[in-house]
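# Summary of the model geometry
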Amino acid sequence: MLVKRRRGWEMPERSATPESVYLDRRALLKAAGFGMAAAAVPFAAEEAAAQGAAADPTAGLYPARQNMRYRLDRAVTPEKDATSYNNFYEFGSHKGIAGAAQALKIRPWTIAFEGMVEKPVTIDFDDLVKKMPLEERLYRFRCVEAWSMAVPWTGFPMKAMVEFARPLASAKYVVFQTFMDPKVAPGQRQSWYPWPYTDGLTVAEATNELAFMATGLYGKPLPKQNGAPIRFVTPWKYGFKQVKSIVRVEFTDKRPVGYWEKLQSSEYGFWANVNPKVSHPRWSQATERVLGSDERVPTLLYNGYEEFVADLYKGMENERLFA
Ligand code: MTE
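### A word on the pairing of strand 11 (residues 287-290)
- Two strands pair when backbone bridges link them, and strand 4 (residues 147-157) and strand 11 are joined in this way by two bridges, in the parallel orientation. Residue pairing in the sheet places Ser148 in a bridge with Val290 of strand 11.
- Counting the residues that bridge the hairpin from strand 11 to strand 12 (residues 296-298) gives five residues, and of these Gly292 lies at a positive phi of roughly 90°.

### Focus: the pairing of strand 2 (residues 121-124)
- Direction of pairing for strand 1 (residues 110-115) relative to strand 2: antiparallel, over a ladder of four bridges. Bridge pairing in strand 2 places Ile111 opposite Ile123.
- In textbook terms, the turn of a hairpin is the stretch between consecutive antiparallel strands, and for strand 1 and strand 2 this stretch comprises five residues.

### Quick look at the site of the ligand
- Around the ligand lies a shell of 17 residues, among which Tyr89, Glu90, Thr178, Asn226 and Lys244 are the nearest.
- Burial of the ligand by the protein amounts to 99% of the accessible area it has alone, namely 530 Å².
- Counted by class, the shell around the ligand contains eight nonpolar, six polar and three charged residues.

### Concerning the pattern of salt bridges
- Scanning the entire structure with this criterion turns up 22 salt bridges.
- The partner of Arg107 in a salt bridge is Asp56, with the nearest N and O atoms 2.8 Å apart. With a gap of 51 residues between them, Arg107 in the loop between helix 4 (98-101) and strand 1 and Asp56 in the loop between helix 2 (45-54) and helix 3 (79-82) connect regions that are remote in the sequence.
- On the basis of relative accessible area, Asp56 is assigned to the buried category, the value being 11%.
- The salt bridge partner of Asp199 is Lys241, with a shortest N-O separation of 2.6 Å. Here Asp199 is found in strand 6 (residues 198-202), whereas its partner Lys241 is found in the loop between strand 9 (231-233) and strand 10 (246-252), with 42 residues between them in sequence.
- A relative accessible area of 0% means that Lys241 is categorised as buried.

About the thresholds
Residues numbered from 1 in each chain as written. Predicted model: local features only at pLDDT ≥ 70, side-chain atom pairs only at ≥ 80, totals over all residues. Heavy atoms only, no water. Pairing = 2+ DSSP bridges. Helix = DSSP H or I, 4+ residues; strand = E, 2+ residues; numbered from the N terminus. Near = heavy atom within 4 Å. Areas by Shrake-Rupley, 256 points an atom, 1.4 Å probe, with all protein chains shown as cover. Nonpolar A, V, L, I, M, F, W, Y, C, P; charged D, E, K, R; others polar. Salt bridge = Lys/Arg side-chain N within 4 Å of Asp/Glu carboxyl O. Buried < 20%, exposed > 50% of the residue type's maximum accessible area, 1.4 Å probe, protein only.

Keep in mind these values describe shape, not function.
Shown next, in the form of structure tokens:
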């Protein structure tokens, strides 16, 4: 019997276009060149995802039930755009890395929990996923380069992972590290980059309800180009914080310096919260180009998640919260 399951992102949000999301024609004309680069990527992302899903022992866990608490104010980005316009410097410093990323071997895959924890532990990714409460969430995503998307992630609250890791009370930060394998990741042969890719959060941020460990996208296991088998998602922060293909999670009491901060601390900092009023030194953050269209929309403080996260930053006015 053929049962058509309505997937989570096929919800009415697809048609939602509130007044705040409008087309600025002048900005649109200015952005036209940027948009063309995105369209030029020749990669059959859906085909690769289908192949990957067939070999994936966790494929049966998808699609997971959608958590309706997290709603969008805009249409979901077409899957082909979110899976063919990527940043994954391990595979190249351009957006068309999806084909090259297929070289990444994601089984077996282990994640080590280390540093200030009661007991260090290394766990197989498939075993970890089975222990975690999987759900789907529709989140906005804002890159520091001023493009954005809105996608259905599947995964589990980062808080559940922190509880699994059992950090010491004295741990203040959690640091995520990407795999290191220059044989499959040509970008990692470029020694001027500070490999492996890392970035971190405070433990308070990591246990905020929005912080999410993503293992799936569009109701399927995460495509390699989006950070398979596991990456994190903090939708109120710029995308560069959100480390892909994680192999190590370390708890520490020292504030970590992430990949981009190491490369260029005048442009990228630890907090990296989205704020339309604080420009990047080289461009404005006031608006964003919506992936898959030529639309430009206003950027929102904390990417629209102020009600969930503003309390985390009370009394921190002297910090560089928005870079
Ligand atoms: N993680 C790793 N390991 N390597 C990267 O180059 N790029 C970051 C982030 N995580 C990056 C990474 C940046 S700059 C962005 S905008 C997002 O991944 C892009 O995620 P996406 O390709 O799924 O849209």
